[in-house]
Amino acid sequence: MRQTGRHRAALVAGVGAASLMLTVSGCAGFGNLGNQPGVTTITLASVNNPQMQDLATLLPEFEKAHPDIKVNVIMMEENDLRNATTKDVATRGGQYDVMTVGAYEVPMWGRNGWLTDLTAKAKADPSYDVDDFFKPVQQSVSYDNKIYAAPFYGESSFLMYRKDLFQKAGLTMPAHPTWQQVAQLAAKLKDPSQDRAGICLRGKPGWGEQFAPLTTVVNTFGGQWYNMSWDAQVNKPGFSNAVNFYVNTIKQSGERDPASFGFTECLNLFQQGRAAMWYDATSAAGTLETKGSPVAGKVGYVSAPVVKTKESGWLWTWNLAINSLSKHQQADWEFVKWATSKQYEQLVGQQLGWARVPPGTRQSLYANPQYQQASSAFAGLTAQTLRSVDPTHPGVDPQPWTGIQFVGIPEFQDVGNQTSQQIANTFSGGESVADALDKGQQIAQIAGDTQKREAGK
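Residues numbered from 1 in each chain as written. Predicted model: local features only at pLDDT ≥ 70, side-chain atom pairs only at ≥ 80, totals over all residues. Heavy atoms only, no water.

Talk me through the overall build of the protein chain; I want residue IDs and the actual numbers.
Within the protein chain one finds 19 helices and eleven strands. The C-alpha atoms of the protein chain give 22 Å as radius of gyration, which agrees with the globular expectation for 457 residues (23 Å, within 12%). Looking at the protein chain as a whole, 59% of its 457 residues qualify as buried. Summed over all atoms, the accessible surface of the protein chain reaches about 17800 Å², with 49% contributed by carbon and sulfur. Charged side chains in the protein chain number 39 positive and 40 negative. The centres of these two groups are separated by 3 Å. (Helix = DSSP H or I, 4+ residues; strand = E, 2+ residues; numbered from the N terminus. Rg over C-alpha atoms; globule rule 2.2 N^0.38 Å. Buried < 20%, exposed > 50% of the residue type's maximum accessible area, 1.4 Å probe, protein only. Areas by Shrake-Rupley, 256 points an atom, 1.4 Å probe, with all protein chains shown as cover. Lys, Arg positive; Asp, Glu negative; His and termini not counted. Charge placed at Lys NZ, Arg CZ, Asp CG, Glu CD.)

Explain the sheet that holds strand β8 (residues 157–162) to me, and be specific about the residues and the numbers.
Pairing within the open sheet is antiparallel, and its three strands lie in the order β9-β8-β10. Unpaired on one side and paired on the other, β9 (277–281) and β10 (299–303) mark the two borders of the sheet. Ignoring strand direction, the axes of neighbouring strands in this sheet form an average angle of 30°. On top of the sheet, helix α17 (residues 379–388) reaches β8 and β10; it is set at about 15° to β10, its chief contact. (Pairing = 2+ DSSP bridges. Axes fitted to C-alpha atoms, helices over the stretch in contact; angles between N-to-C directions. Contact = heavy atoms within 4.5 Å.)

Give me the side chain of aspartate 132: which residues, what numbers.
The residue aspartate 132 is located in the loop between α6 (119–124) and α7 (135–140) in this model. The buried category is assigned to aspartate 132, whose relative accessible area is 7%. A polar side-chain atom of aspartate 132 sits 3.1 Å from a polar atom in the side chain of arginine 362. Not counting residues up to four positions away in its chain, the partners in contact with aspartate 132 are Lys342, Thr361, Arg362, Gln363 and Ser364. (Polar contact = N/O pair within 3.5 Å; in protein donor to acceptor, adjacent residues only side chain to side chain.)

I'd like a description of the nonpolar core, backed by residues and values.
It is characteristic of soluble globular proteins that their nonpolar side chains tend to be buried jointly. Grouped together as the largest cluster of nonpolar side chains are 124 residues, with contacts concentrated most on Trp225, Tyr226, Met277, Phe335 and Trp338. Among the elements that take part in this core, helix α11 (residues 237–253) stands out by supplying seven residues, more than any other. Core analysis: the second largest hydrophobic core is formed by 18 residues, Met160, Cys266, Ala284 and Ala285 among them. (Core = buried A, V, L, I, M, F, W, Y, C linked by side-chain atoms within 4.5 Å.)

Give a detailed account of the packing of aromatic side chains, specifying residues and quantitative values.
Counted according to the given criterion, the structure contains 32 aromatic pairs. With a centroid separation of 5.4 Å and an interplanar angle of 85°, the aromatic rings of tyrosine 366 and tyrosine 371 are classed as edge-to-face. An identical accessibility class is assigned to tyrosine 366 and tyrosine 371; each is buried. Among the aromatic side chains, those forming a connected cluster through ring pairs are Tyr104, Trp207, Phe211, Trp225, Phe239, Trp316, Trp318, Phe406 and Phe412. Its end group placed over the ring of tyrosine 143, arginine 111 keeps NZ or CZ at 5.7 Å from the ring centre. Across the ring face of tyrosine 128, the terminal group of arginine 362 is positioned such that the distance to the ring centre comes to 5.1 Å. (Phe/Tyr/Trp six-rings, centres within 6.5 Å; stacked < 30°, edge-to-face > 60°. Lys NZ or Arg CZ within 6 Å of the ring centre and 35° of its normal.)

Run through the pattern of salt bridges, naming residues and quoting values.
Summed over the entire model, instances satisfying the criterion amount to 16 salt bridges. Residues arginine 256 and aspartate 195 are paired through a salt bridge, measuring 3.0 Å at the closest nitrogen-oxygen approach. Taken as a pair, arginine 256 in the loop between α11 and α12 (263–271) and aspartate 195 in the loop between α9 (179–189) and α10 (211–220) lie far apart in primary sequence, 61 residues in all. Residue aspartate 195 is classed as partly exposed on the basis of its relative accessible area of 33%. Of the charged contacts in the structure, one is a salt bridge between arginine 202 and glutamate 209, with a shortest N-O distance of 3.5 Å. Comparing arginine 202 with glutamate 209 shows no difference in burial state: the two are buried. (Salt bridge = Lys/Arg side-chain N within 4 Å of Asp/Glu carboxyl O.)

Any details on the environment of aspartate 231? Residues and values, ideally.
Following the sequence through the fold, aspartate 231 ends up in the loop between α10 and α11. For the pair formed by aspartate 231 and isoleucine 404, sequence separation is 173 residues and the distance between their alpha carbons is 18 Å. In contact with aspartate 231, other than residues within four places in its own chain, are Trp225, Tyr226, Gln445 and Lys452. A polar contact of 2.4 Å, which involves the side chain of aspartate 231, links it to the side chain of lysine 452.

How would you explain unusual backbone geometry if you had to name every residue and give the values?
Positive phi is not limited to glycine here, since aspartate 144 has a value of about 55°. Topologically, aspartate 144 is positioned in the loop between β5 (142–143) and β6 (146–147). The exposure class of aspartate 144 is exposed, given its relative accessible area of 55%.

Please provide a residue-by-residue account of the state of the cysteines, values included.
Using the criterion set out here, one finds one disulfide in the structure. For cysteine 200, the disulfide goes to cysteine 266, at an S-S distance of 2.2 Å. Here the disulfide of cysteine 200 and cysteine 266 is left-handed, its torsion about the S-S bond being about -75°. Taken together, the positions of cysteine 200 in the loop between α9 and α10 and cysteine 266 in helix α12 put the pair 66 residues apart, joining distant regions of the chain. With respect to class, cysteine 200 is no different from cysteine 266; both count as buried. (Disulfide = S-S within 2.5 Å.)

I'd like a description of the pairing of β9, backed by residues and values.
A large share of β9 lies buried, amounting to five of its five residues. One ladder, built from five bridges, connects β8 with β9; its direction is antiparallel. Within the sheet, the bridge partner assigned to phenylalanine 158 lies in β9 and is aspartate 280.

Talk me through the packing of α10 against α11; I want residue IDs and the actual numbers.
Axis separation between α10 and α11 bottoms out at 8 Å; the angle between their running directions is 130°. As far as their axial angle goes, α11 and α10 are oblique. For the pair α10 and α11, the crossing hand works out as right-handed. Each of Phe211, Pro213, Leu214, Val217 and Val218 in α10 lies in contact with α11, whose residues at this interface are Phe239, Ala242, Val243 and Tyr246. (Parallel < 35°, antiparallel > 145°, perpendicular 65-115°, else oblique. Left-handed = near helix turned anticlockwise from the far one by under 90°.)

This is the structure:
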């Protein structure tokens, strides 16, 4: 088992919807949490994103069908959630029955016995249809061929571009562009007179910010964080070529002050018409195409750019997992099964609108005519990408972990965050890419040596 202290540090940087803890309980529609005879109360620790807020809104439907189960939802900003749940499972506190966990945590926590093995329960009910989940999504919630969480929401990545600007410039976007083609197009579409970048790429420090897209670039350039022996590869040719390309592309054709641009900043820039292209999460498309968006109907979507691999999209999932210490295992599963079922997707579509259905987990959603109509511009490509990505082997060479835009070890948060800060320093010319990667190599090797020691135990 890995050391508890390092698991407490295994927190992924991210952007949440609120900075304060919000408990959804004891109010009309969310269940009476008092001690009622014959009623089991389960506690859900949840990330406070729109999809989970919708889930809380629809809880009365679950409780109507399960009058013997009440759900207490504790919502937190993403970083606070990871701190709270990691501390709880690592110290065996047992405070939460069900938890929202990411693809980064599930394999590690499953291996440590902190999550309930859901394999038998999930496969026992044919109507739940485990095989309906995209295969890479299933892999992201599995360890040793066992399922440790139920997928609730997922995404990959693709390239978004302004169709009208391409047409005006007489340019054509390939359906499967290479990164070299993208850089050439970005240079042609940059227009300082309009304060418009040719492309927006995340430069903000953080493994979950800068390195979410950048690691996929590293993968397709033939680089990787570690080889199969856990030797760091950060300053080796594949990794170095990718980072130099990424930094140079931003400097030549990207946004100003790139070190301050993460997902939200690039979303705003692109939606305001101040970037001709943007490579990022498939989940961004719903915002771009929403009613009232300045770029709605003007955006084209193509596969993530490649160099040496056939695909280079990432994979992220938010999932519902059951604490192995929970005393309400069957009630927990009834809730998790309901919230990740086909029937729940129908409920969201009918009551809240099809554009608000949690995306990226079930293949059947992408065959639903109502969902297809609501997301016609991007749903097909999203589904295709989710079917194609391989979190066990996303790059040219094999890797000893599962994950595309992250390394599935507790130390990676610190490794990614520190290395991304070094790279951010290169945008202003304060440091060369070579020096930044040499420092990143040293940082990464410390974590690699830890893996070697544990493998030898």
